[in-house]
Amino acid sequence: MRVDIVSIFPEYFSPLELSLIGKARASGLLDIAVHDLRTWTSDVHRTVDDTPYGGGPGMVMRPEPWAGALDAVTRPDSLLVVPSPVGTPFTQAAAHELATAPHLVFACGRYEGIDQRVLDDAATRMPVREVSLGDYVLFGGEVAVIVIMEAVTRLLPGVLGNADSLTEESHAAGLLEAPVYTKPAQWRGHEVPAVLRSGDHGRIARWRREQSLLRTAARRPDLLAGYPPERLDKHDRAA
Ligand code: 6GU
């Protein structure tokens, strides 16, 4: 997968050199380039923003630098991703969609956002996804891009050693995962649940399923409400 990121803070993206994203890049599974939006300014002050039409607080990103940037980095097969608090929720399903794209372009807005015409114009040539991480406001899209790239990179074929960790994990199944434990069996007076040390794989699977349902009910009732009823069996209903 090829990824181009456009931002006024290219330095924000050094974490993408680390850990498993760094490894995916080194192995050639992922090719990331970061671009400074100010490359595409033409005035001496390298201005990227101006006051909003209609008035109101803050500044809006001007269309011309964004046009230069997107004309330079997009291709016929690009998918444009614009992190924004007014986007649709970024979910595991959205991560799967992005993971199938051959080319992602991220446009990082700052201030009150990017002039809407930039996105409307891009949408005449390519799919555009405005995505939000959640119901809170960040200074800009940079950190969101790092989050999205973590979620997407771990779905790329060849990145994770064990494909089971993708099917077993929280959200893959629409429920939260059960708690996990490792050695020692006793620690500060807390004990690892006996069932996990029983060696009875049927009982362990049943226990994990139950914990998963209880956790989801307590913490994310919205997920449980949207869970397909045909995926609940008689044991689940008893739990
Ligand atoms: Cl993706 N961007 C910004 N700027 N703020 C956010 C967000 C994204 N998601 C939640 N808040």
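Here the structure is a predicted model, which means the values were calculated and not measured.

## Looking at the overall build of the protein
So, point 1. A count of helical and extended segments in the protein gives nine helices and nine strands.
So, point 2. Taking 239 residues into account, the globule formula puts the C-alpha radius of gyration at 18 Å, and the protein, at 22 Å, lies well above it.
So, point 3. When the backbone C-alpha atoms are referred to their principal axes, the protein occupies close to 70 × 40 × 40 Å.
So, point 4. Relative to its 239 residues, the protein shows a buried fraction of 37%.
So, point 5. Once local pairs closer than 6 in sequence are excluded, the contacts in the protein between residues at least 24 apart make up 74%.
So, point 6. Counting only carbon and sulfur atoms, one obtains 55% of the accessible surface of the protein, whose full area is about 14000 Å².
So, point 7. Side chains of the protein carry 25 positive and 31 negative charges; the gap between the two charge centres is 9 Å.

## As for the site of the ligand
So, point 1. For the ligand, the full set of nearby residues is Pro83, Ser84, Pro85, Val131, Ser132, Leu133, Gly134, Tyr136, Val137, Leu138, Gly140 and Ala144.
So, point 2. Here the ligand occupies the largest pocket.
So, point 3. For the shell around the ligand, the secondary-structure elements that each account for two or more residues are β5 (78–89) and β7 (128–132).
So, point 4. Considering every element that reaches the shell around the ligand, the biggest residue donor is β5, with three residues.

## Structural notes on the domain arrangement of the protein
So, point 1. According to the domain assignment, the protein consists of domain 1 (2–163) and domain 2 (173–238).
So, point 2. Summarising the inter-unit geometry, the C-alpha centres of domain 1 and domain 2 are found 36 Å apart.

## Quick notes on the layout of surface pockets
So, point 1. Put simply, the largest pocket is a space of about 470 Å³.
So, point 2. Forming the walls of the largest pocket are 25 residues, and the residues nearest its centre are Pro83, Ser84, Pro85, Glu112 and Gly113.
So, point 3. Elements supplying a minimum of two residues to the lining of the largest pocket: β5, α4 (116–122) and β7.
So, point 4. Counted by class, the lining of the largest pocket contains 14 nonpolar, eight polar and three charged residues.
So, point 5. Computed from the structure, the second largest pocket encloses a volume of approximately 370 Å³.
So, point 6. Around the second largest pocket, the lining comprises 16 residues; the ones closest to its centre are Glu168, Glu177, Ala178, Arg208 and Ser212.
So, point 7. Listed by contribution, the elements that provide at least two residues to the lining of the second largest pocket are α6 (164–168) and α7 (201–219).
So, point 8. Per-element accounting of the lining of the second largest pocket gives the leading share, five residues, to α7.
So, point 9. Class assignment for the residues of the lining of the second largest pocket results in eight nonpolar, three polar and five charged.

## Some words on the nonpolar core
So, point 1. The biggest cluster of nonpolar side chains holds 30 residues, and the ones touching the most others in it are Val3, Ile5, Leu30, Leu104, Phe106 and Met149.
So, point 2. No other element matches the six residues that helix α5 (residues 142–153) contributes to this core.
So, point 3. When residues no more than four places from it in sequence are discounted, the contact partners of Val3 are Leu30, Asp31, Ile32, Ala33, His103, Leu104, Phe106 and Met149.
So, point 4. In terms of nonpolar packing, the next biggest core, distinct from the first, is built from 18 residues, Leu37, Val48, Val105 and Leu119 among them.

## A short note on unusual backbone geometry
So, point 1. A cis geometry characterises the amide bond from Lys183 onward to Pro184, with omega recorded as 5 degrees.
So, point 2. Mapped onto the elements, Pro184 comes out in the loop between α6 and β8 (186–187).
So, point 3. Although it is not a glycine, Ser19 sits at a positive phi angle of roughly 55 degrees.
So, point 4. Among the secondary structure elements, Ser19 is positioned in helix α1 (residues 19–26).

## Some thoughts on the environment of Ala144
So, point 1. Note on placement: Ala144 falls in helix α5.
So, point 2. For Ala144, a relative accessible area of 4% corresponds to the buried category.
So, point 3. Residues Ala144 and Arg110, 34 residues apart in the sequence, show an inter-C-alpha distance of 12 Å.
So, point 4. Leaving out residues up to four positions away in the same chain, Ala144 has contacts with Pro83, Leu133 and Leu138.

## Comments concerning the side chain of Ser212
So, point 1. In this fold, Ser212 is placed in helix α7.
So, point 2. Engagement of the side chain of Ser212 in a polar contact is seen with the backbone oxygen of Leu176, the distance being 2.6 Å.
So, point 3. Leave out the neighbours within four places in its chain, and Ser212 touches Leu175, Leu176 and Ala178.

What counts, and where the lines are drawn
- Residues numbered from 1 in each chain as written.
- Predicted model: local features only at pLDDT ≥ 70, side-chain atom pairs only at ≥ 80, totals over all residues.
- Heavy atoms only, no water.
- Helix = DSSP H or I, 4+ residues; strand = E, 2+ residues; numbered from the N terminus.
- Rg over C-alpha atoms; globule rule 2.2 N^0.38 Å.
- Buried < 20%, exposed > 50% of the residue type's maximum accessible area, 1.4 Å probe, protein only.
- Contact = heavy atoms within 4.5 Å.
- Areas by Shrake-Rupley, 256 points an atom, 1.4 Å probe, with all protein chains shown as cover.
- Lys, Arg positive; Asp, Glu negative; His and termini not counted.
- Charge placed at Lys NZ, Arg CZ, Asp CG, Glu CD.
- Near = heavy atom within 4 Å.
- 1 Å grid on protein atoms, 1.4 Å probe; cavity = no way out; pocket = protein on both sides within 12 Å on 5 of 7 lines; lining within 4 Å.
- Sits in = over half its atoms within 2 Å of the grid points.
- Domains from an automatic or database assignment.
- Points joined across faces, edges and corners; volume = space filled by probe spheres on them.
- Nonpolar A, V, L, I, M, F, W, Y, C, P; charged D, E, K, R; others polar.
- Core = buried A, V, L, I, M, F, W, Y, C linked by side-chain atoms within 4.5 Å.
- Polar contact = N/O pair within 3.5 Å; in protein donor to acceptor, adjacent residues only side chain to side chain.

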